[in-house]
Amino acid sequence: MTAALAAVMASTVAAQTTTPATDWSQWLPARHVEHLRPRDQRGITTFESPKMDSVVATGFALQWGAAFTQDFQGLHHDNTAQPKVVNGVDANQLIRIGNGFNTAVANLYLDAQIAPGIRVALTSYLSSRHHEETWVKDGYLQVDQSPINQPLLNEIMKYMTIKAGHFEINYGDAHFRRSDNGQSLDNPLVGNYILDAFTTEIGEEVYLRRDGWMAMSSITGGEVHGQVTAPQKRSATFIEKIGVDRMLMPGVRFRLTASTYGNARSASNTLYTGDRGGSPYYDVLENTASDEQTNAWSGELRPGFSNTVHAYVVNPFIKVGGLELFGNIETATGKGDAEITKRTLRQQVGDVVYRFFGDRVYVAGRYNRVEGQMPGIANDITVNRSEVGGGWFVTPIVLAKAEFVTQNYHGFPITNILSGGHFGGFMLTGSVAF
């Protein structure tokens, strides 16, 4: 009898002290705005904002959001460049770096439902590596439903989306899987690509989507800001994208897109220099005179295509259960203001991600290679990067992740600070987004 009573008491205590599994759906922010890509874990493997949506507008609505990222860096670097002394200072001597926290970065989002199927979006960077002050990243109007109740227009808008304003251009699919300043949940690793195609421009995008097929055409001003002076130096940019995104069978998803970007002339094109947040790899391969704000893109290649650029990219994506494979095959040709002939760079990227434990934990790997011509260098150069790491969604809006990274530079002249360049080590990141 005593043993039986003891067993009952023990089971009662265990039942009282066992923490029930948390229903995280109750802790996710409610969605009040239509056709909005979630910024928390629900947005992972989502590309364009959804055309088919479960949110139903019942009136004017505001929705606030935010994203925060904090990195801890443990990188080292070295090079074999010969000294280049200017005014008594060796411009090729690397700055001394050690382990420590990088600048905390943050984004603020404001979305408004202003009519059925019509919303306005505004993104601000509250803190970033390149800009310590708060400033606006983009703002635009998106229309997914006709404001005029006319049968033909209603039928057309079942398949059409129109975006107008100053927005993150939809060239390629990699920008949906990168870190955007404080928003780093979409990136399974820490760094963005060596050749980072990301910018905002002013213009309009028109989409047609049906049964998993998509076609997009866009025309923009070709620069990150609006200008009316020196029209002889500027032309419009045309961006085209086609693709398919289908479930081939239960648990098997296939997506394939191809994009083009064409700008004939520009006073300051920023397709590959438009990330005003900056790289998470602070001060790698920078000299002793550098600072984190001025030299904000450490570890990336900025090709100098400020005058003319034509780029093409193909992005395959396959998801089988918890396994994701993503590719980026890209070619970019362009030149700067002082150049007569065009140069070409080619980039190949492969991502592998495997998610398990209900998608709350994942491991990831990435190989990134860029080769081609850089300004002022006669021969082709090559830069390659390898990243391996993983992450844990503590909650659907909180991610902890880590990576080991190594990057090597080949073909740079001995007078260039990147000659024989190498950096490597680890990165630890904490991210929140909602």
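Calculation rules
- Note on numbering: residues in each chain are counted from 1, in written sequence order.
- The predicted nature of this model means local features are confined to residues of pLDDT at least 70 and side-chain atom pairs, given and counted, to a pLDDT of 80 or more, with totals for whole chains, interfaces and linings taken over all residues.
- Only hydrogens and water are set aside; all other atoms, that is, all heavy atoms of the structure, feed into the side-chain values.
- The patches described consist of residues with a relative accessible area above 30% and no salt bridge, like charges being joined within 9 Å and nonpolar side chains (Val, Leu, Ile, Met, Phe, Trp, Tyr) within 5 Å.
- Using a 1.4 Å probe, the Shrake-Rupley method yields the accessible areas, and only the shown protein chains count as cover for residues.
- In the sections that follow, a salt bridge refers to a side-chain nitrogen of Lys or Arg positioned within 4 Å of a carboxyl oxygen of Asp or Glu.
- Per the convention used, a helix needs a DSSP run of H or I reaching at least four residues, while a strand needs a run of E reaching at least two, with both numbered from the N terminus.
- Accessibility here uses a 1.4 Å probe with only protein chains present; expressed as a share of the type maximum, an area under 20% marks a residue as buried, one over 50% as exposed, and anything in between as partly exposed.
- A 3.5 Å cut-off defines polar contacts: any pair of N or O atoms within that distance qualifies, except that in protein one atom must be a possible hydrogen donor and the other a possible acceptor, and neighbouring residues in sequence count only when both atoms are side-chain atoms.
- Working definition of a nonpolar core: buried Ala, Val, Leu, Ile, Met, Phe, Trp, Tyr and Cys residues. They are joined through side-chain atoms within 4.5 Å.
- Contacts were defined at the residue level, with two residues in contact if any of their heavy atoms lie within 4.5 Å.
- Any pair of Phe, Tyr and Trp rings, taking the six-membered ring for Trp, is counted once the centres come within 6.5 Å. Such a pair is stacked with planes under 30 degrees apart, edge-to-face with planes over 60 apart, and tilted for the rest.
- Charges are assigned to positions over rings by a cutoff of 6 Å between ring centre and Lys NZ or Arg CZ, combined with an angular limit of 35 degrees from the ring normal.
- Confidence of the prediction at every residue is given by pLDDT, a number between 0 and 100.

1. Here's the deal with a nonpolar patch on the surface
Item 1. Nonpolar side chains collect at one region of the surface, where I318, V320, L323, L325, V352, Y354 and V363 lie side by side and expose about 530 Å² of accessible area between them.
Item 2. Elements that contribute at least two residues to the nonpolar patch include exactly strand 13 (308-320), strand 14 (323-335) and strand 15 (343-356).
Item 3. By the element assignment, I318 lies in strand 13.

2. Description of the pattern of salt bridges
Item 1. One pass over the full model with this rule turns up 31 salt bridges.
Item 2. The partner of K241 in a salt bridge is E48, and the shortest N-O contact between them spans 3.0 Å. Of the two residues, K241 is situated in strand 11 (residues 237-249) and E48 in the loop between helix 1 (2-17) and strand 1 (61-78); the sequence distance between them amounts to 193 residues.

3. Thoughts on the side chain of E48
Item 1. According to the relative accessible area criterion, E48 is buried, its value standing at 11%.
Item 2. A polar side-chain atom of E48 sits 3.0 Å from a polar atom in the side chain of K241.

4. Digging into the nonpolar core
Item 1. Y171, Y261, L271, Y272, L301, F412 and F423 are the most contacted members of the largest nonpolar core, which has 40 residues in total.
Item 2. Broken down by secondary-structure element, the contributors of at least two residues to this core are strand 10 (213-220), strand 13, strand 17 (381-395), strand 18 (398-410) and strand 19 (422-433).
Item 3. Here this core gets three residues from one element, more than from any other, and that element is strand 13.
Item 4. For Y272, the residues in contact, after removing those within four places along its chain, are Y171, L195, D196, A197, R302, P303, F305, V309, A311, E330 and A332.
Item 5. Within the second largest apolar cluster, 11 residues are counted, among which are L189, V353, Y362 and A433.

5. Observations concerning the environment of I414
Item 1. Assignment of secondary structure puts I414 in the loop between strand 18 and strand 19.
Item 2. Between the C-alpha atom of I414 and that of K233, which follows or precedes it by 181 residues, the distance is 35 Å.
Item 3. Apart from the residues lying within four places of it in its own chain, the contact partners of I414 are T80, A81, Q82, N92 and S419.

6. Quick notes on the packing of aromatic side chains
Item 1. One pass over the structure, following the stated rule, counts 10 aromatic pairs.
Item 2. Centre to centre, the rings of F47 and F317 are 5.4 Å apart; their planes meet at 70 degrees, and the pair counts as edge-to-face. Here F47 is found in the loop between helix 1 and strand 1, whereas its partner F317 is found in strand 13, with 270 residues between them in sequence.
Item 3. Stacked on the ring of F198, the Lys or Arg R178 has its end atom at 3.8 Å from the ring centre.
Item 4. If you follow R209 out to its NZ or CZ, it ends over the ring of Y207, 5.5 Å from the centre.

7. What to know about the confidence of the model for the protein chain
Item 1. Across the protein chain, the average pLDDT comes to 93, with 95% of residues at 70 or higher.
Item 2. Contacts from residues 1-19, a stretch scored under 50 in pLDDT, to residues over four places away or in other chains number zero contacts.

8. Some thoughts on the environment of P316
Item 1. By secondary structure assignment, the location of P316 is in strand 13.
Item 2. For P316, a relative accessible area of 27% puts it in the partly exposed group.

9. Let's talk about unusual backbone geometry
Item 1. A positive phi angle is found at N181, which is not glycine, with a value near 55 degrees.
Item 2. Summarising the element assignment, N181 is placed in the loop between strand 8 (160-168) and strand 9 (200-210).

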